[in-house]
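For reference, the chains in residue letters:
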Amino acid sequence: MKSKFVKAGLLLMMFVIMTALSACGGGASISETTLDNEGTNTEANCGIREIVFAIPDGWKVVNSEEDHSVDIAKDGSKHSIFIYTTDQEDLSNSEGDISKMTIDEFFDKYCKVSEKAVKETEMEASTTTICGSEAYYCKRKADNGFISADICWLYNDVIYRMTLNNYENYDENGPKPDAVAYTDEDIAAFEYLIASIKSGDGNALQKEAFKIDSVAGLSFDAPEGYEVNLSAIDWVEFANPDNNTVLQIMTTNADTLDNHTKGDGSKYASVEDLYKDMIWDDMTDVSVDGITAKKSVYDEDGKIVNAELKLFYDDTYYEIAMMCDDTWTEDGSLNPDSKGLSESDVAAFDAFCKSLKKK
């Protein structure tokens, strides 16, 4: 369920970026360019679907969803390179006229760029060739420099789109007046990645490039047999594809405390107050690298429903939970048909908790 939500969000984001960078009316003549830089002959170390590419030095994969997206961030910066895909299934699951479009129709209408659009939006636009397909490359300029860059192409019935982003540059009205311009090095890194794109087993490299071993102030060993399924800066979800079991580690700090409210709707005074409210008397005390934590393995009707570990460290609340992905129904109640966790699942949970270390 969560994956479907994330994918829908990515498709919506695609339209937002399209609105900002391009316009309908493809087919007009746009100048052709060749990205002649080091990326051309660089060995690929990441990918998605049927393309592979090289991540520039100083950048790293910070989020990834197989077949759907790769988010590559610059160390110490809010800039990121976001790569995402759209296929016929995505269009069919959309609303309105888009659901009736073919992938070619959608690409022609929403991804190709006209010279009229270039003039109206102060873009620099050109075409180049990626994996034998024509790609539309646009950079949007403000008074202080380029504030966005975007390239889009259709390859084997999948639309690939890559954007150089700083999400704080935009609001619901478009570019902000104080949008931060990209440096020449940022643009060079973006074009380095574009020039490195080749056909290949992108899904295999995508998994290799994205490995998470920490969140907030704790590091850990990924449980054996599990892969990163979803993640953000303050949480990670691992999934075991063999038995539909998920393991999540979620955190709350002072910046995200307002996302939680008490039963009466009031706010928590501190992160520690939230932690104390989330534990109960029959939880067992365990030690995590010298930190006292609370653990429970909850069973009902002979089935292990979930396993949880909760701790407070360095003004951050951590909640680690393992469950089957069908444990709960849509309305939040326990699913009587769920098989629950096995003893080996609980052993994997215990091993994960024991691996937790202060960074």
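Note that the coordinates shown come from a computational prediction; the quantities given were computed from them, not determined experimentally.

Caption draft 1: Quick look at the overall build of the chain. Per the secondary structure count, the chain includes 8 helices and 22 strands. In the chain, buried positions account for 48% of the 359 residues. Carbon and sulfur atoms make up 47% of the accessible area of the chain, which totals about 18200 Å².

Caption draft 2: Summary view of the nonpolar core. Core analysis: the biggest nonpolar cluster contains 58 residues, and I72, W153, M162 and I320 have the highest contact counts within it. Not counting the four nearest positions on each side in its chain, W153 is found in contact with I51, F107, I130, S133, E134, A135, V158, I159, Y160, M162 and I197. With 15 residues, the next largest nonpolar core counts I98, M123, L154 and I159 among its residues.

Caption draft 3: Up close: the confidence of the model for the chain. Scored by pLDDT, the chain has a mean of 84; 88% of the residues are at 70 or more. Element-level pLDDT for the chain is lowest in helix α1 (residues 2-21), with a mean of 42, against a maximum mean of 97 in strand β2 (residues 51-53). pLDDT under 50 marks residues 1-29. Its contacts with residues more than four places away, or in other chains, come to 68 contacts.

Caption draft 4: Here's a closer look at the pattern of salt bridges. One pass over the structure, following the stated rule, counts 10 salt bridges. Linking E191 and K139 is a salt bridge whose minimum nitrogen-to-oxygen distance equals 3.9 Å. Of the two residues, E191 sits in helix α5 (residues 184-196) while K139 sits in strand β7 (residues 133-142), which places them 52 residues apart along the sequence. R161 serves as the salt-bridge partner of D150, at 2.9 Å between the closest nitrogen and oxygen. Note that D150 is positioned in strand β8 (residues 145-155) and R161 in strand β9 (residues 158-165), a separation of 11 residues in sequence. Comparing D150 with R161 shows no difference in burial state: the two are buried.

Caption draft 5: The environment of V70, seen in detail. Among the structural elements, V70 can be located in strand β4 (residues 69-74). Expressed as a C-alpha distance, the spacing of V70 and G47, which sit 23 residues apart in the sequence, is 8.1 Å. In this structure V70 touches C46, G47, I48, V61, N63, S64, I81, F82, I83 and Q206, once residues within four positions along its chain are discounted.

Caption draft 6: Spotlight on the environment of I197. Here I197 lies in the loop between α5 and β12 (198-199). Note: C-alpha distance between I197 and A54 (143 residues apart in sequence) is 7.3 Å. Sequence-distant contacts of I197, defined by excluding residues within four places in its chain, comprise I51, V52, F53, I130, C131, W153 and M162.

Caption draft 7: Examining the sheet that holds strand β22 (residues 357-358) more closely. Sheet architecture is open: 3 strands sit in the order β13-β14-β22, paired in antiparallel fashion. For this open sheet the edge positions go to β13 (214-215) and β22, each flanked by a neighbour on one side alone. The sheet contact formed by strand β14 (residues 218-219) and β22 spans 2 bridges and is antiparallel. Following the sheet pairing, S219 is matched in β22 by K357.

Caption draft 8: Layout of helix α6 (residues 202-209). All buried positions along α6 are accounted for by G202, N203 and Q206. Across the axial projection of α6, the buried residues extend over an arc of 95°, all falling on one side. Those residues of α6 hidden inside the fold are in contact with β1 (46-48), β2, β3 (59-65) and β4.

Caption draft 9: The arrangement of the side chain of S133 in detail. Its location among the elements puts S133 in strand β7. A relative accessible area of 12% places S133 in the buried class. Within the local environment of S133, its side chain forms a polar contact with the backbone oxygen of L154, the two atoms lying 2.9 Å apart.

Caption draft 10: Focus on helix α3 (residues 103-110). Of the residues making up α3, those classed as buried are I103, F106 and F107. Down the axis of α3, the buried side of the element spans an arc of 100°, and every buried residue falls inside it.

Caption draft 11: Summary view of the sheet that holds β3. Judged by pairing direction, the sheet is antiparallel, and its 7 strands sit side by side in the order β3-β4-β5-β9-β8-β7-β6 without closing on themselves. Strands with a single pairing partner mark the edges of an open sheet, and in this sheet they are β3 and β6 (123-130). Strand-to-strand twist across the sheet, computed as the mean angle between neighbouring axes with direction ignored, equals 15°. Looking at chain direction, β7 and β8 are connected through 8 bridges and run antiparallel. Bridging from a neighbouring strand, A135 pairs with W153 of β8. Along the sheet, α5 contacts β3, β4, β5 (80-86), β6, β7, β8 and β9; its crossing angle with β9, the most-contacted strand, is approximately 160°.

Cut-offs applied
Residues numbered from 1 in each chain as written. Predicted model: local features only at pLDDT ≥ 70, side-chain atom pairs only at ≥ 80, totals over all residues. Heavy atoms only, no water. Helix = DSSP H or I, 4+ residues; strand = E, 2+ residues; numbered from the N terminus. Buried < 20%, exposed > 50% of the residue type's maximum accessible area, 1.4 Å probe, protein only. Areas by Shrake-Rupley, 256 points an atom, 1.4 Å probe, with all protein chains shown as cover. Core = buried A, V, L, I, M, F, W, Y, C linked by side-chain atoms within 4.5 Å. Contact = heavy atoms within 4.5 Å. pLDDT = per-residue confidence, 0-100. Salt bridge = Lys/Arg side-chain N within 4 Å of Asp/Glu carboxyl O. Pairing = 2+ DSSP bridges. Arc of directions from axis to C-beta. Polar contact = N/O pair within 3.5 Å; in protein donor to acceptor, adjacent residues only side chain to side chain. Axes fitted to C-alpha atoms, helices over the stretch in contact; angles between N-to-C directions.

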